[in-house]
Amino acid sequence: MKPTSARIILCTFCAFFFLTITPSFAKPVELRCEYLTNPLGIDAARPRFSWRLEDPSQGAGQSAYQIWVGTDSAGLLQGKALVWNSIKVVSNKTLITYAGPPLQAFSKYYWAIASWGVDGQRTLSSVANFETGMQKASNWKGAWISDTRDVNLKPAPYFRKTFETNKSIRSARAYIAVAGLYELSINGQAIGNHRLDPMYTRFDRRTMYVTHDVTKQVQKGKNAIGVLLGNGWYNHQSTAVWFFHEAPWRNRPTFCLDLRITYTDGSVETISSGKDWKTALSPIIFNSIYTAEHYDARLEQPNWNQPNFDDAQWKTVILRPAPSTNLVAQVMHPIRDVEAISPKSMRKINDTTYLYDLGRNISGVVSLRVSGAAGTRIRLRHTERLNAEGRSDMSNIDVHYRPTDNTDPFQTDIFILSGRGEERFMPRFNYKGFQYVEVSSNQAITLSENSLKGYFMHSDLPVLGKVQSSSSTLDKIWFATNNSYLSNLFGYPTDCPQREKNGWTGDAHIASETGLYNFDGITVYEKWLADHRDEQQPNGVLPSIVPTSGWGYEWGNGPDWTSTIAIIPWNVYLFYGDSKLLEDCYDNIKRYVDAISDRSQGHLTTWGLGDWVPVKSKAPVELTSSIYYYVDATILARTAQLLNKKADYTTYSALATQIKAAINAKYLNRETGIYGNGTQTEMSAPLHWGIVPSELQAKVAANLAQRVKADGAHLDVGLLGTKTILNALSDNGYADLAYQIAAQEDFPSWGWWIKNGATTLYENWPIDAKSDISMNHIMFGEIGAWYYKALGGIKPDPAAPGFKNILLNPHFVKGLDRFQASFKTPQGELVSSWERTAQGISYKVVVPPNSSASLSLELLPGQKVWNKGRVLDNAGKNVMVQQVNAGNYEFVIK
Ligand code: BGC
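About the cut-offs
Residues numbered from 1 in each chain as written. Predicted model: local features only at pLDDT ≥ 70, side-chain atom pairs only at ≥ 80, totals over all residues. Heavy atoms only, no water. Helix = DSSP H or I, 4+ residues; strand = E, 2+ residues; numbered from the N terminus. Core = buried A, V, L, I, M, F, W, Y, C linked by side-chain atoms within 4.5 Å. Buried < 20%, exposed > 50% of the residue type's maximum accessible area, 1.4 Å probe, protein only. Near = heavy atom within 4 Å. Polar contact = N/O pair within 3.5 Å; in protein donor to acceptor, adjacent residues only side chain to side chain. Areas by Shrake-Rupley, 256 points an atom, 1.4 Å probe, with all protein chains shown as cover. Nonpolar A, V, L, I, M, F, W, Y, C, P; charged D, E, K, R; others polar. Pairing = 2+ DSSP bridges. Axes fitted to C-alpha atoms, helices over the stretch in contact; angles between N-to-C directions. 1 Å grid on protein atoms, 1.4 Å probe; cavity = no way out; pocket = protein on both sides within 12 Å on 5 of 7 lines; lining within 4 Å. Points joined across faces, edges and corners; volume = space filled by probe spheres on them. pLDDT = per-residue confidence, 0-100. Contact = heavy atoms within 4.5 Å.

## Quick word on the environment of Pro-343
Move 1: Examined against the element boundaries, Pro-343 turns out to sit in the loop between strand S27 (335-341) and strand S28 (345-350).
Move 2: Taking the C-alpha atoms as reference, Pro-343 lies 15 Å from Arg-381; in sequence the two are 38 residues apart.

Spelled out as structure tokens, the structure:
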């Protein structure tokens, strides 16, 4: 800690320093508990607290912190009702774990941070809070209830219960655990704005509950609780090739609810699900998460969830066993209707048929407003493309669907009108992937462009990153990549929102950096890795889709796909500086690596699918799978080191070395510097994943560059190669060539899709391919991360994860005049931006408070770097390296 606010930022390679005197006020802001703002209903025994620092001054940082946790918000900083006071800790950490006495269930805790800046000045945060939930299964009072055991019964059930309160209410919380999906209402008011709750898990191993603040909805006097249950993945009635209809957990949806009311006199009353609830079938006559929803408005029972509704005709519920004994809080960003999209156009085909075009491909649903005679049957057919006649075309997405009759058409909602004036339909327990909606009716109806609205649904993650450049194609690819990432995020990452909705592992680990640069994804990844742990066999094997009904243990689950178990926790560690997920998964990673060892010979394995959907060349599966085997062993060894597991560190470091040696012995021609046949994936995967012996790196990279040039600077890779081709080039001196590939606008390229109107990424390179032709796949989405890594030059430093130190190595690639990447690191906003000007390349960077950056600027012969009118000494090298602290910098390269 320095006694004054003068800070000196030393450059490593030059006898030159910046001296600035600025007032510092390291104010802790954006306080998060378990990565959420003021979360309700958390179960973590030791919650994690994090914050960012607001301090624009040069060299800003935190020298110490103190945290207070207590039960009295006003008295917190006076030390009243404290449960934990960390006392001042000399540390620049902004992520800490609760270390006080055990937290009580159903309790609200307040917390605040004091942060000392680098000059020793203390600044306080405002007060944040979190509330604990059930914490243990025995705290539940409710019974699990349902209406029937019949898994084939189609209509969705309503449940209701009335109760009276006579005292004045201080607060009320609803805790609802569901196998299936639910909508909750109190006194007719919908509770919360989440969609498709709870998240999909392997229901027989882990069932999630959601906590809602219902203080405003519970009233003195008579109250009614209403619950509507949907099937979700729990009772999959549609039939497709993955056998979700045969899932071992399959049953009629069921729920357990505790409504906990705290009165102003301090007493507590809990209203629970039980035998005294009534049930009836709702107007949702069919609902399938996979296909669609059917609604018969004639069956509506107005005010069914109001206190005075007459439920004499309703049945008594049945009691059911809990779907699993593992009830856990859903502590994550929920799925929501994130964006409302008005149609770009509507075409009336005839009196009974209208075609809407949203102008972009999304995941989600539509709402329709329409009037007509009672019994009018309207179908809403959702597709990604049109056929030659300009009508909705389903043929690229219904290929794995195996309907047993015609009552459940794919991606087609059915709405039957009640005839009571204007009516509105919007599915509750389903989503689709689509751009077009063909609305058809068995009787003439009148629709306008405003009758229909699209809703882009996905896990509603805070946005962290943004890319902008002088190339509109680049910007559109970035937008399309994010659209596909989000379209494939529903509490677990999926491959596509239409054909499958499967949690394909390979697609997800390839796209995980793209996700982490752009969105605050930790809560979803932590949940999905818990899904992995639920699915792992005792012998270490994981399925290729997670969660699964059982499919995927025999196909597609080699290390090239299911290395999710190692790669995602590692990336989360690099991006957040949080090792919890690595710790939670440590044993699982180890068992998976051991399972690969069991399936390998001479440290090589052929277990895997290989470079999926390639342009033309396919690398040997043994090469790519063995590389992922190496990646996993390396992550395991590094994690062992991090967690101080010395014996494992020794064992798995040695294993990694052996795998690498085996790959090089079989595939690398040391004379020529060529792997296998020298195709793009064969060359770029060893370079990117650190397989190439250091003395041969330049040679292998030069050969790769030559190969790419011979391929006309176009892609010749599949899924695994898209991860490596651009990075291997830009990390080894060929950034211009990497950009040439990335900027192509003819086949095969990302730009080719964009030129042909894509607003999402596709599953196949030719736009007229005959199979594997979803139009909303994230699997080729690594390019989104590459923009940050290569053009913005932003990478996490494994030695100081969570962007405490940033590796900054931007490439001012030929053909691009301007590029800016901004990314909110756990410390604050990082901006890396460059532009060609008459004076040279102007490179501006904002390093967030409490972090540093290792900046490398690669120079062409004769180029120099200028800062504030002075030339920086690059010691005669073709790279200028500097270590910089928090603050704003501008360099000119000329
Ligand atoms: C999915 C892919 C997935 C692949 C595995 C496809 O059906 O859509 O994205 O990774 O199968 O081979």
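Don't stop here, the text continues.
## Regarding the nonpolar core
Move 1: Counting 205 residues, the largest nonpolar core has Leu-380, Phe-415, Val-439, Trp-750, Trp-786, Tyr-787 and Tyr-843 as its most contacted members.
Move 2: By residue number, the principal contributor to this core is helix H7 (residues 621-642), which donates 11 residues.
Move 3: By size, the runner-up hydrophobic cluster in this structure holds 26 residues, among which are Ile-176, Val-178, Val-218 and Phe-255.

## With respect to the site of the ligand
Move 1: In the region of the ligand, the neighbouring residues are Asp-495, Arg-499, Glu-500, Trp-504, Asp-507, Trp-555, Trp-561, Leu-609, Trp-612, Glu-763, His-777 and Met-779.
Move 2: One of the side-chain nitrogen or oxygen atoms of Asp-495 is found 2.7 Å away from an oxygen atom of the ligand.
Move 3: Interatomic distance of 2.7 Å between a side-chain N/O atom of Arg-499 and an oxygen atom of the ligand.
Move 4: Computed on the free molecule, the ligand has an accessible area of 310 Å², of which 95% lies beneath the protein chains in the complex.
Move 5: Taken together, the residues of the shell around the ligand break down into 6 nonpolar, 1 polar and 5 charged.

## Quick look at the sheet that holds strand S8 (residues 95-97)
Move 1: A sheet is described by the order of its strands in space; here 3 strands give the open sequence S3-S4-S8, paired in antiparallel fashion. Since the sheet does not close on itself, it has two edges, and those belong to strand S3 (27-33) and S8, each with one partner. Between one strand axis and the next, the sheet turns through 25° on average, direction left out of account.
Move 2: Note: S3 against strand S4 (residues 48-54), 5 bridges, orientation antiparallel. Counted as the bridge partner of Arg-32 is Ser-50 from S4.

## Notes on the layout of surface pockets
Picture a little ball the size of a water molecule; that probe, rolled over the atoms, points out where space is still empty.
Move 1: Of the volumes computed, that of the second largest pocket is approximately 960 Å³.
Move 2: Looking at the second largest pocket, it is lined by 37 residues, and the ones nearest its centre are Leu-574, His-688, Trp-689, Asp-731 and Lys-795.
Move 3: For the lining of the second largest pocket, the elements supplying multiple residues, two or more each, are helix H2 (505-518), helix H5 (564-576), H7, helix H9 (680-688), helix H11 (719-730), helix H14 (782-791) and strand S42 (794-796).
Move 4: With 6 residues, H7 is the single largest residue contributor to the lining of the second largest pocket.
Move 5: In terms of residue class, the lining of the second largest pocket is built from 16 nonpolar, 14 polar and 7 charged.

## Quick notes on the confidence of the model for the chain
Low-pLDDT portions of the prediction should not be read for the details of their coordinates.
Move 1: For the chain, per-residue confidence averages 95 on the pLDDT scale, and 97% of positions sit at 70 or higher.
Move 2: Considering only residues more than four positions removed or in separate chains, one finds that residues 1-22, a stretch of pLDDT under 50, has 59 contacts.

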